[in-house]
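Given next are the chains, with one letter for each unit.
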Amino acid sequence: MLLLNEKEIKSVVSMKDIVEADKKAFQMIAAGTVEVPLRAAIKAPAHEGTFLFMPSYAASEEAAAVKIISVFPHNPEMGLEACPAQVLLLDGKTGYISAMLDGSTVTRMRTGAASGAAFDILGKKECRVGALIGTGGQAPEQLEAMLCVRKLEKVWVYSRKREKLEAFCEKMQKELGCYGAEILPANSADEAVEDADLVITVTTSSVPVFDGAKIKPGCTISAVGTYEPEKHELDPAVLPRASKIICDYKDAVLSESGDLLIPLADGIIKDEDIQGSLGDVIDGRIAGRENDDEIIVFESVGVASQDLVAAWMIYEKALAAGAGTEWQ
């Protein structure tokens, strides 16, 4: 079994690599060539925590994977990650574990890459301004994915804690300055989104984080943070304005995401307003962007096939590079 930590993973793959891996994962979901049971969740009420178990299997890759990710929002108060995780990659021919990868790194990269894939497929070709709402643990990869698929001039970032916001922007400017965009703190979420061509929301908020009326024509929104039916960080007001609502995996989104379940229940949108999954767009079964004035919403809850395809790509590249530690 090969053990791969964050440094080793990032030494063998780039964000662009994982964007392409996510596209493949979304195509496999849409085509039905991967088994992806809905994630199992076990609550830990005493700590406001949740244990999530995400299995997948692809016969074409002769591989399976299980990600164990825990969401414990009070961990940062103890200097710990809010979402610790590990990914187990299994050999589909023998059932033996081929590799154990740092799941936090895989999750951050493949979740960021989902926004990157959506923007690459659904976004306008010419985009100048981005917006990122949220500066938590997944925000750096979300920002990089946005930057690696479109040549942006600036990205406005907002979070409620000003000191943390400014520190995040300064750090990201240093780390991602090679993409050529200014990364700037906004005074409000509405200010951040009002001129944006690409918007990412990646928060733990249970209520909308920006005014949907501020979204301009032609904007593509990737809503990432919501994975529980009772929460919605996306303002429902933007949904009737959207020409298309696309999901990473429609079945999973309609089981988990309050961003769509709440407006569906309230009659703001209907089921037929949700066109389908991104893999359907990639394979041409449903239309993507048809003009530069369309507002398109991409709703992402994360799908286990992303972990499987990303882990398999990382594993193969690590073997070729001699990276990682063999454990027997």
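Structure report, in brief. (Residues numbered from 1 in each chain as written. Predicted model: local features only at pLDDT ≥ 70, side-chain atom pairs only at ≥ 80, totals over all residues. Heavy atoms only, no water.)

Attention now moves to the overall build of the protein. Secondary structure summary: the protein contains ten helices and 15 strands in total. Relative to a compact globule of 328 residues, whose C-alpha radius of gyration would be 20 Å, the protein shows 19 Å and is just as compact. Across the 328 residues in the protein, those meeting the buried criterion constitute 54%. In the protein, the share of contacts with a sequence separation of at least 24, taken over all contacts with a separation of at least 6, comes to 70%. Per element, the accessible surface of the protein, about 14,000 Å² overall, is 52% carbon and sulfur. (Helix = DSSP H or I, 4+ residues; strand = E, 2+ residues; numbered from the N terminus. Rg over C-alpha atoms; globule rule 2.2 N^0.38 Å. Buried < 20%, exposed > 50% of the residue type's maximum accessible area, 1.4 Å probe, protein only. Contact = heavy atoms within 4.5 Å. Areas by Shrake-Rupley, 256 points an atom, 1.4 Å probe, with all protein chains shown as cover.)

The next subject is the sheet that holds strand E8 (residues 154-158). Reading across the sheet, the eight strands line up as E9-E8-E7-E10-E11-E14-E12-E13 and stay open at both edges, with parallel pairing between neighbours. Both outer strands of the open sheet, strand E9 (182-185) and strand E13 (274-277), are each paired with one neighbouring strand and no more. Here the strands of the sheet are splayed against their neighbours by 20 degrees on average, with no regard to which way each runs. As judged from the four bridges shared by strand E7 (residues 129-133) and strand E10 (residues 198-201), these two strands associate in the parallel manner. Bridge assignment links leucine 132 to a residue of E10, and that residue is isoleucine 200. Sheet strands in contact with helix H5 (residues 162-176) are E7, E8 and E9, and its direction is about 175 degrees off that of E9. (Pairing = 2+ DSSP bridges. Axes fitted to C-alpha atoms, helices over the stretch in contact; angles between N-to-C directions.)

So, about the environment of serine 300. Structurally, serine 300 is set in the loop between strand E14 (296-299) and helix H10 (304-321). Owing to a relative accessible area of 3%, serine 300 belongs among the buried residues under this scheme. Sequence separation between serine 300 and tyrosine 249 is 51 residues, and the spatial gap between their C-alpha atoms is 7.6 Å. Contacts of serine 300, omitting those with residues within four sequence positions, involve Ala114, Ala223, Val224, Thr226 and Asp248.

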